[in-house]
Amino acid sequence: SERPDHNGPGEIIESSPPEGTVVPCGSAVDLVLSSGSTPCTVPDVIQEYLAEAGPELDAAGLTVGNVSYRPDDNGPNEIIESSPPAGTKVPCDSAVDLVLSSGSTPPPTTTPPTTTPPTTTPPTTTPPTTTPPTTTPPTTTTPPLN
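Before going into details, it helps to say that this report is about the structure given with it. (Residues numbered from 1 in each chain as written. Predicted model: local features only at pLDDT ≥ 70, side-chain atom pairs only at ≥ 80, totals over all residues. Heavy atoms only, no water.)

## Quick look at the nonpolar core
- The biggest cluster of nonpolar side chains holds eleven residues, and these are Cys 40, Val 42, Val 45, Ala 53, Leu 57, Leu 62, Ile 79, Val 90, Val 96, Leu 98 and Leu 100.
- Counting residues per element, the ones that place at least two in this core are helix H1 (50-59) and strand E8 (95-101).
- Not counting residues within four places of it along the chain, the set of residues in contact with Ala 53 comprises Val 45, Glu 48 and Ile 79. (Core = buried A, V, L, I, M, F, W, Y, C linked by side-chain atoms within 4.5 Å. Buried < 20%, exposed > 50% of the residue type's maximum accessible area, 1.4 Å probe, protein only. Helix = DSSP H or I, 4+ residues; strand = E, 2+ residues; numbered from the N terminus. Contact = heavy atoms within 4.5 Å.)

## Quick word on unusual backbone geometry
- With an omega of 0°, the peptide bond running from Ser 16 to Pro 17 counts as cis.
- Turning to its location among the elements, Pro 17 is positioned in the loop between strand E2 (12-16) and strand E3 (30-34).
- Residue Pro 84 is reached from Ser 83 by a cis peptide bond, and omega for that bond is 0°.
- Counting through the fold element by element, Pro 84 comes out in the loop between strand E6 (79-83) and strand E7 (89-91).
- You will see that Asn 77, though not glycine, has its phi angle at about 75°, which is positive.
- With respect to the element layout, Asn 77 can be found in the loop between strand E5 (63-70) and E6.

## Some details on the sheet that holds E8
- Across the sheet, three strands lie side by side as E5-E8-E6; this open sheet has mixed pairing. The open sheet terminates on both sides in strands that have one partner only, identified here as E5 and E6. Taking each pair of neighbouring strands and ignoring which way they run, the sheet shows an average axis angle of 25°.
- Bridge count between E6 and E8: four bridges; the pairing is antiparallel. Pairing of Ser 83 across the sheet is with Asp 97, part of E8.
- Along the sheet, H1 makes contact with E5, E6 and E8, crossing E5 at roughly 155°. (Pairing = 2+ DSSP bridges. Axes fitted to C-alpha atoms, helices over the stretch in contact; angles between N-to-C directions.)

## Here we look at the side chain of Ser 101
- With respect to the helices and strands, Ser 101 occurs in strand E8.
- Looking at Ser 101, its side chain comes within polar contact range of the main-chain oxygen of Gly 75, at 3.4 Å.
- A distance of 2.9 Å separates a polar atom in the side chain of Ser 101 from the backbone nitrogen of Gly 103.
- Excluding residues within four positions of it along the chain, Ser 101 makes contact with Tyr 69, Arg 70, Asp 72, Asn 74, Gly 75, Pro 76, Asn 77, Glu 78 and Ile 80. (Polar contact = N/O pair within 3.5 Å; in protein donor to acceptor, adjacent residues only side chain to side chain.)

## Structural notes on the state of the cysteines
- This model, assessed by the stated rule, comprises one disulfide.
- A sulfur-sulfur distance of 1.9 Å marks the disulfide that ties Cys 40 to Cys 92. When the S-S torsion is 95°, as for the bridge of Cys 40 with Cys 92, the disulfide is right-handed. With Cys 40 in strand E4 (residues 39-41) and Cys 92 in the loop between E7 and E8, this pair connects stretches of sequence that are 52 residues apart. (Disulfide = S-S within 2.5 Å.)

## Description of the pattern of salt bridges
- Taken as a whole, this structure holds one salt bridge when the rule is applied.
- Measuring nitrogen to oxygen at the nearest pair gives 2.9 Å for the salt bridge that ties Arg 70 to Glu 81. Of this pair, Arg 70 sits in strand E5 while Glu 81 sits in strand E6, and the two are eleven residues apart along the sequence. (Salt bridge = Lys/Arg side-chain N within 4 Å of Asp/Glu carboxyl O.)

Such coordinate-based values are descriptive only and should not be taken to indicate function.
As structure tokens, this is what we get:
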């Protein structure tokens, strides 16, 4: 017969009579073969914290794998993704990678463009050049005498 255990598939894990027992030639010996390890199911640890998920994965026969962070609307350090995802059957003792929220992404800050006020230089005015009027003395003429 076969039954799941931690040994590789096809390995003898039990015999009846037990190993080391002397039996007459031709006697029947019952063997139990390993069908391999029973797969473990990844539990749903989304929206939990690492302190809760670690023991839960351990109870399921799994371990915590790589832990990474990314911005998310969930609270900081809340689990937002597992790989493999919940419900997946994997070999026991497999590692489950977790992605934790690093908190909300702050909205992008928009900095208004810096404007430099225009530099104005007052116009330069040069006073007009004036030439003093030239006056010529009046000329008088005397009427001719007749």
